[in-house]
Amino acid sequence: MLPFSKIAVLGGRGMLGTELCCQLAARGVTVTAYDLPEFDICNESQLADAVGDADAVVNCAAYTNVDGAEAQPNVAEAVNAGAMTALGELAARAHTHVIHVSTDFVFNGASDRPYNEDDDPSPLSVYGKTKLRGERAVLGADCPAAVVRVQWTFGQAGNNFITKFLERVAGGGDLLMVDDQHGAPTWTHDVSHALIELLEQQTTGLYHFAASGYTTRYSVAEHILDVLGLKRNLAPCRTADFPAAAERPLNSRFDCTKIDSILTRPRPAWKDSLTTFLEELKDNGRIPAPT
Ligand SMILES: NC(=O)c1ccc[n+]([C@@H]2O[C@H](COP(=O)([O-])OP(=O)(O)OC[C@H]3O[C@@H](n4cnc5c(N)ncnc54)[C@H](OP(=O)(O)O)[C@@H]3O)[C@@H](O)[C@H]2O)c1
């Protein structure tokens, strides 16, 4: 049973926000999605209205273009960090509960084991640095707040590395996928379920959430081809073979022991969730046809 009756989801039409709004609405609470263009999280009066009209706020809004942030650090800073300071202050004044979503990109990926919440962040990119400042602003505010770091997310709404790979598959030809990035592809359906449990328990603090099991991007691609029964030449490559504007962590594995101790439903295995997601795409005619 949710202890909140009016929940504001900032970034409510993004990939995660869309799924979260659907699941919250199914629970019978009044949920309002706030998003660009009519809502700008950097506009303090619009943010104040959103916070003032809710008894809990989940922030899924972010500047998520990791490479774009290198060229637009001020925009990334304003959305991912500056607006979080404002959100924390507004929520503190109104005693509003906040859940803020963050990222594995706060780590540099150099560790040889999964990251837990006590590990020191050391982001490699502008995106990661701004997200870390945002986390700290929310957790440092005088309001009940939880920050949930997620990773490698995919969902029905919006583009993600799974749908981008499917487009490349449809394009024909040989495929390359990096085999040196380690993590767990995580379905927004499962993230939303966990966020709602945290709301139910009015949990505060910092948490890592990912699907259970670890893999590489290359193995994810193999699994996709396997589930869809597609034969393609797929070869492994290294992240360094394709330099991008922003550096990515190679180890994104999360230790989820802390959140496991409070969730009532075990975290689903990445393969099971990805298979269900692909079957849904297939049923909805959303697997791009081969060209
Ligand atoms: N996707 C991943 O693999 C991944 C991994 C780790 C963590 N995360 C985190 O998960 C959370 C949700 O991200 P997502 O995957 O759902 O990404 P998303 O689809 O890009 O959603 C972000 C939403 O925020 C909106 N937004 C951007 N600037 C805004 C502003 N100034 N005011 C109001 N809304 C604004 C975006 O609108 P526009 O689309 O119009 O810009 C979009 O609807 C973020 O905190 C992200 O950092 C994502």
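As shown above, the structure is provided for reference.
Residues numbered from 1 in each chain as written. Predicted model: local features only at pLDDT ≥ 70, side-chain atom pairs only at ≥ 80, totals over all residues. Heavy atoms only, no water.

Regarding the environment of Tyr-218
Right, on to step 1. Mapped onto the elements of the fold, Tyr-218 is located in helix α8 (residues 217–228).
Right, on to step 2. Of the residues examined, Tyr-218 reaches a relative accessible area of 16% and is grouped as buried.
Right, on to step 3. For Tyr-218 and Leu-176, which are 42 residues apart along the polypeptide, the C-alpha to C-alpha distance reads 8.1 Å.
Right, on to step 4. Apart from the residues lying within four places of it in its own chain, the contact partners of Tyr-218 are Met-177, Val-178, Asp-179, Leu-234, Ala-235 and Pro-236. (Helix = DSSP H or I, 4+ residues; strand = E, 2+ residues; numbered from the N terminus. Buried < 20%, exposed > 50% of the residue type's maximum accessible area, 1.4 Å probe, protein only. Contact = heavy atoms within 4.5 Å.)

A look at the packing of aromatic side chains
Right, on to step 1. Tallied over the entire structure, the rule returns 6 aromatic pairs.
Right, on to step 2. Their ring planes at 75 degrees and their centres at 5.7 Å tell us that Phe-105 and Tyr-127 sit as a pair that is edge-to-face. Here Phe-105 is found in the loop between β4 (97–103) and α5 (126–140), whereas its partner Tyr-127 is found in helix α5, with 22 residues between them in sequence. The two residues Phe-105 and Tyr-127 agree in class, both being buried.
Right, on to step 3. Here a set of aromatic residues connected by ring pairs shows up, and it is made of Phe-154, Trp-187 and Phe-277.
Right, on to step 4. Across the ring face of Trp-152, the terminal group of Arg-217 is positioned such that the distance to the ring centre comes to 4.1 Å.
Right, on to step 5. The ring of Tyr-214 carries Arg-253 above its face, with NZ or CZ at 5.6 Å from the centroid. (Phe/Tyr/Trp six-rings, centres within 6.5 Å; stacked < 30°, edge-to-face > 60°. Lys NZ or Arg CZ within 6 Å of the ring centre and 35° of its normal.)

Things to note about the site of the ligand
Right, on to step 1. Not every one of the 25 residues close to the ligand is listed here, only the nearest: Asp-35, Thr-64, Tyr-127, Lys-131 and Thr-153.
Right, on to step 2. Ala-62 places a main-chain nitrogen or oxygen 3.3 Å from an oxygen atom of the ligand.
Right, on to step 3. For the ligand, an oxygen atom lies 3.1 Å from a polar atom in the backbone of Val-101.
Right, on to step 4. Contact with the protein chains covers 78% of the free accessible surface of the ligand, which is 890 Å².
Right, on to step 5. Ranked by the residues each element gives to the shell around the ligand, the list is headed by β4, at 3 residues.
Right, on to step 6. Residue classes in the shell around the ligand are distributed as 13 nonpolar, 7 polar and 5 charged. (Near = heavy atom within 4 Å. Polar contact = N/O pair within 3.5 Å; in protein donor to acceptor, adjacent residues only side chain to side chain. Areas by Shrake-Rupley, 256 points an atom, 1.4 Å probe, with all protein chains shown as cover. Nonpolar A, V, L, I, M, F, W, Y, C, P; charged D, E, K, R; others polar.)

With respect to the pairing of β4
Right, on to step 1. Summarising burial for β4: 7 of the 7 residues are buried, a large majority.
Right, on to step 2. Here β4 shows no split at all, with His-97, Ile-99, Val-101 and Thr-103 on one side and Val-98, His-100 and Ser-102 on the other all buried.
Right, on to step 3. As defined by bridge partners, strand β3 (residues 56–59) adjoins β4 across 4 bridges and the pair is classed as parallel. Bridged to Ala-56 within β4 is His-97.
Right, on to step 4. Across 6 bridges, β4 lies against strand β5 (residues 145–150) in parallel orientation. Considered in β5, the bridge of Ile-99 is made with Ala-146.
Right, on to step 5. On the question of chirality, the crossover connecting β4 to the parallel β5 by way of α5 is right-handed. (Pairing = 2+ DSSP bridges. Right-handed = clockwise from strand over helix to strand, strands pointing away.)

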